[in-house]
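# Fold and geometry: a report
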Amino acid sequence: MVLPCGSEDAVISKTVTANNDNINEFFTVTGVETCGFTIELQIYNRWGALIYESKDYQNDWNGSSSKASIGNSNVVPTGTYYYIVNLKNSGLKPLAGPIYVATK
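Read on for an overview of the structure. (Residues numbered from 1 in each chain as written. Predicted model: local features only at pLDDT ≥ 70, side-chain atom pairs only at ≥ 80, totals over all residues. Heavy atoms only, no water.)

With that settled, consider the overall build of the chain. Along the chain, the regular secondary structure elements total 0 helices and 7 strands. Each helix (α) and strand (β) of the chain, taken in turn from the N terminus, gives the series β-β-β-β-β-β-β. Buried residues in the chain amount to 38% of all 104 residues. Sequence-distant contacts in the chain: of pairs separated by 6 or more residues, those separated by 24 or more amount to 47%. (Helix = DSSP H or I, 4+ residues; strand = E, 2+ residues; numbered from the N terminus. Buried < 20%, exposed > 50% of the residue type's maximum accessible area, 1.4 Å probe, protein only. Contact = heavy atoms within 4.5 Å.)

Quick look at the side chain of T17 now. You can see T17 is positioned in strand 2 (residues 15-17). Non-local contacts of T17, meaning those with residues more than four positions away in its chain, are made with I23, N24, E25 and A102.

Attention now goes to the sheet that holds strand 5 (residues 50-54). Reading across from one edge, 2-7-6-4-5 is the order of the 5 strands in this open sheet, with mixed pairing throughout. Where the open sheet ends on each side, the last strands, each with one partner, are strand 2 and strand 5. Recorded for the sheet is a direction-independent mean angle of 25 degrees between the axes of neighbouring strands. Taken together, the 3 bridges between strand 2 and strand 7 (residues 95-102) define a ladder with parallel strand orientation. Residue pairing in the sheet places T17 in a bridge with A102 of strand 7. (Pairing = 2+ DSSP bridges. Axes fitted to C-alpha atoms, helices over the stretch in contact; angles between N-to-C directions.)

Moving on to unusual backbone geometry. Of note in the backbone geometry, N20 takes a positive phi value of approximately 65 degrees without being a glycine. Residue position: N20 is located in the loop between strand 2 and strand 3 (29-30). Although it is not a glycine, N89 adopts a positive phi angle of roughly 65 degrees.

Shape descriptors only; they carry no functional weight alone.
Laid out in structure tokens, this is it:
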């Protein structure tokens, strides 16, 4: 079976700096837009707590937290986080790695 795209086609952000300078504002997964995959994304903090999840990711996470795992703030503290990207219906293994987030 020949896949139209492979894991080497996916380009995943290494940094998010949500400071309104229009540079690295969002975590992005690019290079697979024409492959027909649905992107599932999970972001974890350094303790392994899930802080963000999307079943149909649209390159729109900017350091916000959808969980109450960070107290009263709606953004995560500056630091290193970990992602798992699943390219649904691709037949590929999930992609995982670190992401540095600066929210100040």
